[in-house]
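# Notes for the structure review
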Amino acid sequence: MTTSETPHATCGCSHTSPADAQRRRVIRIAALGLAAPLGLATWPAQASVVGARLVEEDAEGKPMPLRPSDLRVGKPVVVFPFDAKTEAMRDETRLNKIVLIRLPEADMTPETRALSAGGVLAYSAICTHQGCDVKTWMDKEKALVCYCHSSKFALLDRGNVISGPASRPLPAIPLTLDGDHLVIAGAFTATPGASLA
Amino acid sequence: MIALRKPLATAALMACGLSTLMATAAPANYPPVTDARLSNPEPANWLQYRGNYAGWGYSALDKITNNNVGKLQLAWAYTTGQVDGHQAPPIVNNGYMYVTTPGAQVIALDAATGAELWRYKKELPAELMQLHPTNRGVALYGDKVYVATVDCNLVALDAKTGKVIWTKPVSDWKAIHYMTLAPLAAKGKIMVGSSGGETGVRGFVAAFDAETGAEAWRTYTVPAPNEPGGDTWPGDSYKNGGGSIWITGTYDPASNLAYWGTGNPSPWPTEGRKGDNLYTTSTIALDVDTGKIRGHHQYTPNDAWDWDEVSAPVLIDTEVKGRKMKAAVHAGRNGYLWMLERKDDKIDFVDAISYVNNNVFTAVDKTTGRPTYDESKRPGMGKGNVSFCPSLWGGKDWPPEAWNPNTGLFYVPANNNLCAEMPEPEPSKYKKGDLYIGYSIGAVLGSLRYQGGNDAKAPKTIGELQAWDLKTGKLAWVQKFPTFMWAPLLTTGGNLIFAGGTNDRMFRAFDASNGKILWEAPTPSGVTGVPTTFEVNGEQYVAVQSGWGVDAQRMGSGIDSLMGKTTPVPQGGTVMVYKLSK
């Protein structure tokens, strides 16, 4: 569920990125070593993902690309990439599910903040343990928790595992802003999905 | 050394799974598993999930006894290389052992040495979501091994080589229908059912031809409106009504009826499904030839407490309340020990005894067994927080009980003194491929409460190994543990019970007559595996898988959270096989 409300004071949501902001952000993320090339067959070709907007998975009617101001602080929303030109939601595989969450930028580690846009972070919504949807934010523990087996991930710190059976971080996906809208700025930092034997 | 297949054959196998063959010398002879053997299993082998069709979890082997079990030592161990819940029994036929792991891998081992003979790995979809990453074992029939997979396929393998004979889709894994049970093999059919009580499955039992894999019949545990029991569901609610099947049925060859336990109705909140919701939280008796439902007993009509009753009843011909009968006995998740009578065309209620604290039932009808509820204990909209006992995981979850014909005692691995507190449910709408529960994660995982409070007044024990005298309906003895107990049971002609289930990694032997702990040994992880026993070359072995996970882990996390502590239980599966020292 999303609602419109006044942006968080620290998120800078009203800022409009210059035209080359997206490219600069990708370069900055690559320099941090966070955007490993993936080449996943199930993940849409990177060229079509970079620049994609994000729409709610359960959106009724015409999909509406999300803005930071559509997100309430600490309330995760599950989204799919959305090609604005073709108006196609990239929901052909659940591995494309992304969880968006708006959190105070001041609470993010510098590496994590570099992945955010307008105070919004994006991570794979598929748990790296056994592939369940992971979309519940526990504010007290500052953790995104998986319903199935209680793996907890530190979204403010690159998705690292806090506790539980998951053995690898939740892959992040860098964001930028195109005007008011959230836009994917690069590839997942690791392969999304469970670590199947 | 790996004996590689020819490239073409390997490529063909890759399409539906992979088996690797080892050059290790296999036990010489693989005797076919026949209906006669399954109906009257020889003690030297453990041919099926609970040792016999009746579900006793009993072996007549008596070389390891209550007098010498202290000399039990490790014969061999074998790491599976997998994590999560290793719950499958090591199933043995003339020196061939078969275990399964989470992810539905099948490993064939030399039962005397632990040498790997072959391993089958199901190629699982990358998108697969595993709510319950476990598998509870294989079925043996003829010269084949059958495994029900987490991506909802039934696979037949050659017992000696691991070669894939056929693979049949059973249901839609994209709807999060998944299988974790050991199949039931009888009269040329392989029977399975699907989990998915938290993902909106319409539960079913399906039978497949053992030779060809052709589907013979499919019976839904939730009837359609035009079927008997269909009027217990409003509107279209039956379509995603739950009643999942995730534990192997028991079977009476004389009546040709298979008895299955069914899961909770979906979603958990009851507002949208007024009525009894047949045949959820029930035992149903199915004709193995046709799949027709010939009888049922529902334990918790219109369940609101997630009290699945998935363990099939144990079939015992014994005296109950002064009368000899063909009984079906079940320690319910709802905290009552149910004694039923099997008849050709129905299941009659006989008696129900509370074996852990239940504060929801105010009465149980003496004729029908139908409980009356304290409705203030039913969670629901507009009711705020509601407390009830036992917890969501019940007095006993799936871990099977055991019956020992020598002691005449029925053993129950119970969890007592645990309750739950649930908030108001959330609106829930079925969506394929998503959870369909009706409560938030915080509500479920944070629901556990100690009976009486989690302070100094809290009970000092939770896990209980109970022994019940069915003739008198009395508790013969109980062994209590400070921790909870998630313990499938094995009992033997050596007057023993074997069990793990506690979060201290221990595997134990108990005196079957009085519950005294006679032997215990730590294992690499925690034990929630089903123990078995068998003989090779006249020597008796006891086998179990160590490998903590799934709901035992969830319950442990809940208790740790309640008590503000952390109890580490390492992950990883190991087949542990014991024998007496010389």
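How each quantity is defined
- Residues numbered from 1 in each chain as written.
- Chains lettered and ligands numbered in written order.
- Predicted model: local features only at pLDDT ≥ 70, side-chain atom pairs only at ≥ 80, totals over all residues.
- Heavy atoms only, no water.
- Core = buried A, V, L, I, M, F, W, Y, C linked by side-chain atoms within 4.5 Å.
- Buried < 20%, exposed > 50% of the residue type's maximum accessible area, 1.4 Å probe, protein only.
- Pairing = 2+ DSSP bridges.
- Helix = DSSP H or I, 4+ residues; strand = E, 2+ residues; numbered from the N terminus.
- Axes fitted to C-alpha atoms, helices over the stretch in contact; angles between N-to-C directions.
- 1 Å grid on protein atoms, 1.4 Å probe; cavity = no way out; pocket = protein on both sides within 12 Å on 5 of 7 lines; lining within 4 Å.
- Points joined across faces, edges and corners; volume = space filled by probe spheres on them.
- Nonpolar A, V, L, I, M, F, W, Y, C, P; charged D, E, K, R; others polar.
- Contact = heavy atoms within 4.5 Å.
- Buried area = accessible area lost by both parts, 1.4 Å probe.
- Salt bridge = Lys/Arg side-chain N within 4 Å of Asp/Glu carboxyl O.
- Polar contact = N/O pair within 3.5 Å; in protein donor to acceptor, adjacent residues only side chain to side chain.
- pLDDT = per-residue confidence, 0-100.
- Lys, Arg positive; Asp, Glu negative; His and termini not counted.
- Disulfide = S-S within 2.5 Å.

### Concerning the nonpolar core
The biggest cluster of nonpolar side chains holds 74 residues, and the ones touching the most others in it are Phe 388 and Phe 410 of chain B. Judged by nonpolar contacts, the second largest core, of 72 residues, contains Val 192, Ala 207, Leu 278 and Tyr 578 of chain B.

### A closer look at the sheet that holds strand S15 (residues 184–186) of chain B
All names here are of chain B. Spatially, S15-S16-S17-S18 is the arrangement adopted by the four strands of the open sheet, whose pairing is antiparallel. Of all the strands in the sheet, the pair left with one neighbour each is S15 and strand S18 (215–220). Averaged over all adjacent pairs, the angle separating strand axes in this sheet is 20°, with direction ignored. Where S15 lies against strand S16 (residues 189–193), three bridges are found, and the strand directions are antiparallel. In the sheet register, Leu 184 faces S16, and the bridge partner there is Met 191.

### Digging into the layout of surface pockets
The gaps left among the atoms become clear once a water-sized probe is rolled over them. Estimates place the volume of the largest pocket at around 1400 Å³. The wall of the largest pocket is formed by 33 residues, among which Asp 58 and Lys 135 of chain A together with Glu 426, Pro 427 and Asp 434 of chain B lie closest to the centre. Secondary structure elements with two or more residues in the lining of the largest pocket: strand S2 (77–83) and strand S6 (134–138) of chain A together with helix H3 (441–445) of chain B. The element that contributes the greatest number of residues to the lining of the largest pocket is S6 of chain A, accounting for three residues. Residue composition of the lining of the largest pocket, grouped by class: 16 nonpolar, five polar and twelve charged. Volume-wise, the second largest pocket comes out at about 760 Å³. In terms of lining residues, the second largest pocket is bounded by 29 residues, among which Ser 150 and Lys 152 of chain A together with Ser 557, Gly 558 and Asp 560 of chain B are the most central. Broken down by secondary-structure element, the contributors of at least two residues to the lining of the second largest pocket are H3 and helix H4 (550–563) of chain B. Here the lining of the second largest pocket gets eight residues from one element, more than from any other, and that element is H4 of chain B. By residue class, the composition of the lining of the second largest pocket is ten nonpolar, 14 polar and five charged.

### A look at the interface of chain A and chain B
Each partner contributes residues to the interface: chain A has 21 residues there, and chain B has 24 residues. Buried surface at the junction of chain A and chain B, summed over both partners, amounts to about 2000 Å²; 54% is from carbon and sulfur atoms. Between the two partners, chain A and chain B, sit three salt bridges. Close ionic contact of Asp 58 of chain A with Lys 431 of chain B constitutes a salt bridge, the shortest N to O distance being 2.7 Å. Where chain A touches chain B, the interface holds eleven residue pairs in polar contact (both at pLDDT 80 or more). For the side of chain A that touches chain B, the secondary structure elements donating two or more residues are S6 and strand S7 (143–146) of chain A. Among the residues forming the side of chain A that touches chain B, the class breakdown is nine nonpolar, seven polar and five charged.

### Some points on the confidence of the model for chain A
In this model, chain A carries a mean pLDDT of 80, and residues with pLDDT of at least 70 account for 75%. Taken together, the stretch residues 1–47 of chain A has pLDDT below 50 and engages in 91 contacts with residues farther than four places along the chain or on a different chain.

### Notes on the sheet that holds strand S33 (residues 448–450) of chain B
Strand pairing in a sheet relies on backbone hydrogen bonds, with the paired strands running either antiparallel or parallel. All names here are of chain B. Strand order in the open sheet made by the three strands is S29-S32-S33, with antiparallel pairing throughout. Bordering the open sheet on either side are strand S29 (386–388) and S33, each of which pairs with just one other strand. Strand after strand, the sheet turns through a mean of 35° between neighbouring axes, direction not considered. Of the strands in this sheet, strand S32 (418–422) and S33 touch H4, which is tilted by about 55° from S33.

### Concerning the side chain of Glu 198 of chain B
Residues and elements named next belong to chain B. Within the fold, Glu 198 resides in the loop between S16 and strand S17 (204–209). Despite its burial, Glu 198 pairs with no opposite charge; the closest candidate is Arg 333, at 6.4 Å N-O. A polar contact of 3.5 Å, which involves the side chain of Glu 198, links it to the side chain of Asn 264. Glu 198 has contacts with Leu 131, His 132, Asn 264, Trp 268, Asp 306, Leu 435, Tyr 436 and Ile 437, leaving out every residue within four places of it along the chain.

### Observations regarding unusual backbone geometry
Residue and element names in this part refer to chain B. For the peptide bond that leads from Ser 266 to Pro 267, omega is -15°, which places it in the cis range. With respect to the secondary-structure elements, Pro 267 resides in the loop between strand S20 (257–261) and strand S21 (282–287). A cis geometry characterises the amide bond from Leu 278 onward to Tyr 279, with omega recorded as -5°. Tracing the chain through its elements places Tyr 279 in the loop between S20 and S21. A positive phi angle is found at Lys 321, which is not glycine, with a value near 50°. Secondary-structure assignment places Lys 321 in the loop between strand S23 (314–320) and strand S24 (323–331). Even without being glycine, Asn 537 reaches a positive phi, approximately 50°. Tracing the backbone shows Asn 537 in the loop between strand S40 (532–536) and strand S41 (539–546).

### Quick look at the pairing of S23 of chain B
Burial analysis of S23 of chain B places five of its seven residues in the buried class, which makes it a mostly covered element. Where S23 of chain B hands over to S24 of chain B, the hairpin turn is made up of two residues, of which Lys 321 of chain B adopts a positive phi near 50°.

### So, the state of the cysteines
Throughout the structure, instances matching the rule amount to two disulfides over all chains. In this model Cys 132 of chain A forms its disulfide with Cys 148 of chain A; the gap between the sulfur atoms is 2.1 Å. Of note, the bridge from Cys 132 of chain A to Cys 148 of chain A carries an S-S torsion of about -100° and is left-handed in sense. Of this pair, Cys 132 of chain A sits in the loop between strand S5 (120–124) and S6 while Cys 148 of chain A sits in the loop between S7 and strand S8 (152–154); the two residues are 16 residues apart in sequence, bridging distant segments of the chain. Accessibility expressed as a relative area gives 0% for Cys 148 of chain A, which makes it buried. Each sulfur of the disulfide joining Cys 389 of chain B and Cys 419 of chain B lies 2.1 Å from the other. Disulfide Cys 389 of chain B-Cys 419 of chain B: torsion about the S-S bond near 90°, hence right-handed.

### Some remarks on the side chain of Thr 532 of chain B
Residues and elements named next belong to chain B. With respect to the helices, strands and loops of the structure, Thr 532 is situated in strand S40. Separated by 2.9 Å, the side chain of Thr 532 and the backbone oxygen of Pro 90 make a polar contact. Leaving out residues up to four positions away in the same chain, Thr 532 has contacts with Trp 46, Pro 89, Pro 90, Leu 490, Tyr 541, Val 542 and Ala 543.

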